[in-house]
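Chain by chain, the residues:
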Amino acid sequence: MATKGEDITKDRIGFEKSNKALGYIYEEWYELISNFISEKEGINIELGCGASFIDQINKSIKKTDVFLNSNTDFKLDAMDIGQKFENKISNIILVNVFHHISDPVLFLKAAEKSLLPGGRIIMIEPSNNYWSRLVYKFVGHEPFDTAQSEWKFESKDPLLDSNQALSWIIFVRDYEKFKNLFPMFSLIQKRNMMPFSYLLSGGHSFNTRLGRFIRLIRKIERFFFDKSLGMFNLICLEKI
């Protein structure tokens, strides 16, 4: 029997055609990710792809998830990437997936094992500033717990259980701990973006039918608001 998370994913496949504003937002994410992709010769993998269409932007990327559906190239648990692809991966891509990983230390160790020297982990994750905290705590449907003391958390369904503050906890609050645990990783990019456009698109919950008008919104917020109020971060780690 399919889990609730699997059913949600299946229902979202093709979302970029019905919600063109949200599709444009993801397209911008995918293009930004492509700009940071390592040129090391290896395999490019998106973990937890869900309804992703990143392969339409960059055909070199293989889409994987914890279950198979019409949108996946093959099944892969994030924790198994080191065992199955040791020293074979050039880029690991996660779009709003990292904060669902209940044991980030185990994952980062597996990722480090899988990556070639010069390989990268590139992720889009929720950010933490006074605007994003307000949105995630009072509007969002997933936890945003900046007080979580340990990195690990309990999870019964990896598609639904999360802490949206996880990337901030690891790469900002506990950054010294991260550097001590993973000296082979260098944080080469952390960029805020999109304070309003994702909300205005309706996200995956509601189609506001803004269509291409979202492009104008992005031009305005990119110039004036991304850096200080962005709801999302692009985070890029490189293996030394």
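Quick caveat: nothing in here was measured; it's all calculated off a predicted structure.

## What to know about the packing of aromatic side chains
Inspection of the entire model under this criterion finds 21 aromatic pairs. Ring centres of Tyr-30 and Phe-53 lie 4.9 Å apart, and the angle between their planes is 85 degrees; on these two criteria the pair is classed as edge-to-face. Of the two residues, Tyr-30 sits in helix H3 (residues 20–35) while Phe-53 sits in the loop between strand E1 (43–47) and strand E2 (61–65), which places them 23 residues apart along the sequence. Here Tyr-30 and Phe-53 have matching classes, each one buried. Look at Phe-182 and Phe-185: their rings are 6.2 Å apart centre to centre, the planes differ by 45 degrees, and that puts the pair in the tilted class. Judged by relative accessible area, which is 1%, Phe-182 ranks as buried. One aromatic cluster is present, formed by Phe-15, Tyr-26, Trp-29, Tyr-30, Phe-53, Tyr-136, Phe-144, Tyr-198 and Phe-232 through successive ring pairs. Its end group placed over the ring of Trp-151, Lys-177 keeps NZ or CZ at 4.4 Å from the ring centre.

## Structural notes on the nonpolar core
The biggest cluster of nonpolar side chains holds 63 residues, and the ones touching the most others in it are Trp-29, Ile-92, Phe-107 and Ile-121. Residues in contact with Ile-92, not counting those within four places in the same chain, are Ile-45, Leu-47, Ile-81, Phe-107, Ala-111, Ser-114, Leu-115, Arg-120, Ile-121 and Ile-122.

## Description of the environment of Ser-114
One can find Ser-114 in helix H5 (residues 104–114). Along the sequence, Ser-114 and Gln-83 sit 31 residues apart, while their C-alpha atoms lie 7.4 Å from each other. Residue contacts for Ser-114: discarding those within four places in its chain leaves Ile-81, Gly-82, Phe-85, Glu-86, Asn-87, Lys-88, Ile-89 and Ile-92.

Rules behind the numbers
Starting afresh in each chain, residues are numbered from 1 along the sequence in its written order. Local features are withheld for residues below a pLDDT of 70 in this predicted model, meaning they are given only at 70 or higher, and side-chain atom pairs are given and counted only at 80 or more; totals for whole chains, interfaces and linings count all residues. No hydrogens and no water enter the side-chain calculation; it runs on all heavy atoms of the structure. For Phe, Tyr and Trp, where Trp contributes only its six-membered ring, two rings pair if their centres lie within 6.5 Å, and the inter-plane angle classes them as stacked under 30 degrees, edge-to-face over 60, or tilted in between. Each helix is a run of DSSP H or I of at least 4 residues and each strand a run of E of at least 2, with the numbering of both proceeding from the N terminus. For the exposure calls, accessible area comes from a 1.4 Å probe over protein chains only, and a residue counts as buried if that area is under 20% of its type's maximum, exposed if over 50%, partly exposed in between. Think of it as a cone above the ring: NZ of Lys or CZ of Arg counts as a charge over the ring if it is within 6 Å of the ring centre and within 35 degrees of the ring normal. Put simply, a nonpolar core is a bunch of buried Ala, Val, Leu, Ile, Met, Phe, Trp, Tyr and Cys residues held in one set by side-chain atoms that sit within 4.5 Å of each other. Note on contacts: a residue pair qualifies if any of its non-hydrogen atoms lie within 4.5 Å across the two residues.

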